[in-house]
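What follows is each chain in one-letter form.
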Amino acid sequence: MTWNIDTIVISVLLGILFVTIGARVAKNATDGVPGGFQNFVESILEFVQTQVKDSFPGHNPLIAPMALTIFVWVWLMNFMDLIPVDLLPVIGSWLGIHYLKVVPTTDLNAPMAMALTVFLLSLYFNLKVKGPVGYLKMFLFHPFGKFAMPANIVMTAIEELAKPLSLGLRLFGNMFAGELVFLLIALLGGAAALGAGMLIWFPLQVVLDMGWLLFHILVITLQAFIFMVLTIVYLGMAHTADH
Amino acid sequence: MNITVTLFAQMIAFGLLIWFVNKVMWGPLSGIMEARQKRIADGLAAAEKGKHEEELAKKKALELIKEAKDQAAEVVAQGQKRASEIVDEAKETARAEAERIVTAANAEIEREVNQAKEALRAQVASIAVAGAEKVLKREIDAKAHAALLNELAAEI
């Protein structure tokens, strides 16, 4: 049993941050003219609501808050990637923590936990909306019709299992690779720590780091967005009775 | 990078976070946003209604003004008619009064003339009788010749 305390603590802290700020905005919110920060939060809410409306058939009060949670939480966890790679681990080592992984989404457990939760929810809604028989029929008669039942079972099972796997691994892969690039860029300066080489490698590190940082802002937002949209889509597929 | 028991901790954290977000943020905020949407919609509807009512009121005001003008014209016409009637009536009354006064005056004049004539007649008769008395001295009996004298007086 290995507990990745760093992942758990950081992700929970970010979650608490999110909920605290959200609760404060909700508490001070008016239905009149919204102030600056309320406006910002409301625009995020509206954005998520639009996504849910566009790609989710029917109505389920769980979907929208879940999509919002995924979007903001994943974004916050990804955002940890933008903090200089060695900063928090060094501060941690001063405090006696000798191993610190700052970005929870680069730990496979965090993305897979969300993907698995989404998978279990979609399983639940599949059984609830289609019924056990309807769900079984989906495995038997899809995608090739009733004369290719064995192939259908294999195909649908792969399809269903690929959903959570690709969902979790996509986020993990992107964030892990991004973090790795940051580490490599950070090593540029370190590799030539002494001597005249610094004159070349240090400015290069600064420029590359900034470039990757700017690019990575897009990546973390995009990954959070994709995770959210795919969650909505998968749960939406679970809610449609006829496949 | 291995799947560990952390996975389950993260799942629980994820579930709890969804619950919290729904309870303290999504629920209240989306309620507020819905309330605002409703308020805006109500405001727009009210504005639309107000505009419509203003139009109606304008139309009604124009109608009322027209009616009032018509009524005023009618009243003026009636007044003029009544005024001319009154004038005519007054003229008629004045004419009748004048006629009456003239008639009364004529009657008075005639009466007085007659009175004067009567008085003169009586006097003439008495003068004649006195003259005749003086002329004829006692020859004439006033009582015996009264009829004759009266006849004479009437002829005067």
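Before going into details, it helps to say that this report is about the structure given with it. (Residues numbered from 1 in each chain as written. Chains lettered and ligands numbered in written order. Predicted model: local features only at pLDDT ≥ 70, side-chain atom pairs only at ≥ 80, totals over all residues.)

**Structural notes on the overall build of chain B**
Of the regular secondary structure elements, chain B holds two helices and zero strands. For 156 residues, the compact-globule estimate of 2.2 N^0.38 gives 15 Å, and the C-alpha radius of gyration of chain B, at 60 Å, exceeds that figure by more than 25%. Projected onto its principal axes, the C-alpha coordinates of chain B cover approximately 195 × 25 × 15 Å. Looking at chain B as a whole, 10% of its 156 residues are labelled buried. (Helix = DSSP H or I, 4+ residues; strand = E, 2+ residues; numbered from the N terminus. Rg over C-alpha atoms; globule rule 2.2 N^0.38 Å. Buried ≥ 20, exposed ≤ 12 C-beta atoms within 10 Å, placed from the backbone.)

**Comments concerning the interface of chain A and chain B**
In this complex, chain A contributes 33 residues to the contact, which on the side of chain B involves 28 residues. For the side of chain A that touches chain B, the secondary-structure elements that each account for two or more residues are helix H1 (5-28), helix H2 (36-55), helix H3 (63-79) and helix H5 (109-141) of chain A. Of the residues in the side of chain A that touches chain B, the class split is 22 nonpolar, nine polar and two charged. (Contact = placed C-beta atoms within 7 Å. Nonpolar A, V, L, I, M, F, W, Y, C, P; charged D, E, K, R; others polar.)

**Some points on the nonpolar core**
Counting 63 residues, the largest nonpolar core has Ala-67, Leu-68, Ile-70, Phe-71, Trp-73 and Val-74 of chain A together with Leu-29 of chain B as its most contacted members. Elements represented by at least two residues in this core include exactly H1, H2, H3, H5, helix H6 (149-191) and helix H7 (198-239) of chain A together with helix H1 (6-136) of chain B. Residue contributions to this core peak at 13 residues, all from H3 of chain A. In contact with Leu-68 of chain A, not counting residues within four places along its chain, are Leu-45 and Val-48 of chain A together with Val-21 and Trp-26 of chain B. (Core = buried A, V, L, I, M, F, W, Y, C linked by C-beta atoms within 7 Å.)

**As for the environment of Thr-240 of chain A**
Residues and elements named next belong to chain A. Structurally, Thr-240 can be placed in the segment after H7. The class of Thr-240 is partly exposed, set by 13 C-beta atoms lying within 10 Å. In this structure the C-alpha to C-alpha distance between Thr-240 and Asn-60, which are 180 residues apart in sequence, comes to 12 Å.

**Observations regarding the packing of H5 of chain A against H1 of chain B**
Their axes nearest at 8 Å, the elements H5 of chain A and H1 of chain B cross at an angle of 60 degrees. Here H1 of chain B runs oblique to H5 of chain A, going by the angle between their axes. For the pair H5 of chain A and H1 of chain B, the sense of crossing is right-handed. Taken together, the residues of H1 of chain B that come into contact with H5 of chain A (itself represented by Asn-109, Ala-110, Met-112, Ala-113, Met-114, Leu-116 and Thr-117 of chain A) are Thr-6, Leu-7, Gln-10, Met-11, Phe-14 and Gly-15 of chain B. (Axes fitted to C-alpha atoms, helices over the stretch in contact; angles between N-to-C directions. Parallel < 35°, antiparallel > 145°, perpendicular 65-115°, else oblique. Left-handed = near helix turned anticlockwise from the far one by under 90°.)

**Section: H1 of chain A**
Along an α-helix, residues three or four positions apart point the same way, because every turn accommodates 3.6 residues. Its 24 residues place the ends of H1 of chain A 34 Å apart at the C-alpha level, agreeing with the 34 Å of an ideal helix rising 1.5 Å per residue. Within the span of H1 of chain A, buried status applies to Asp-6, Thr-7, Ile-10, Ser-11, Leu-14, Gly-15, Phe-18, Val-19, Gly-22, Val-25 and Ala-26 of chain A. In the core, the buried residues of H1 of chain A are packed alongside H2, H3 and H5 of chain A together with H1 of chain B. (Expected span 1.5 Å × (residues − 1).)

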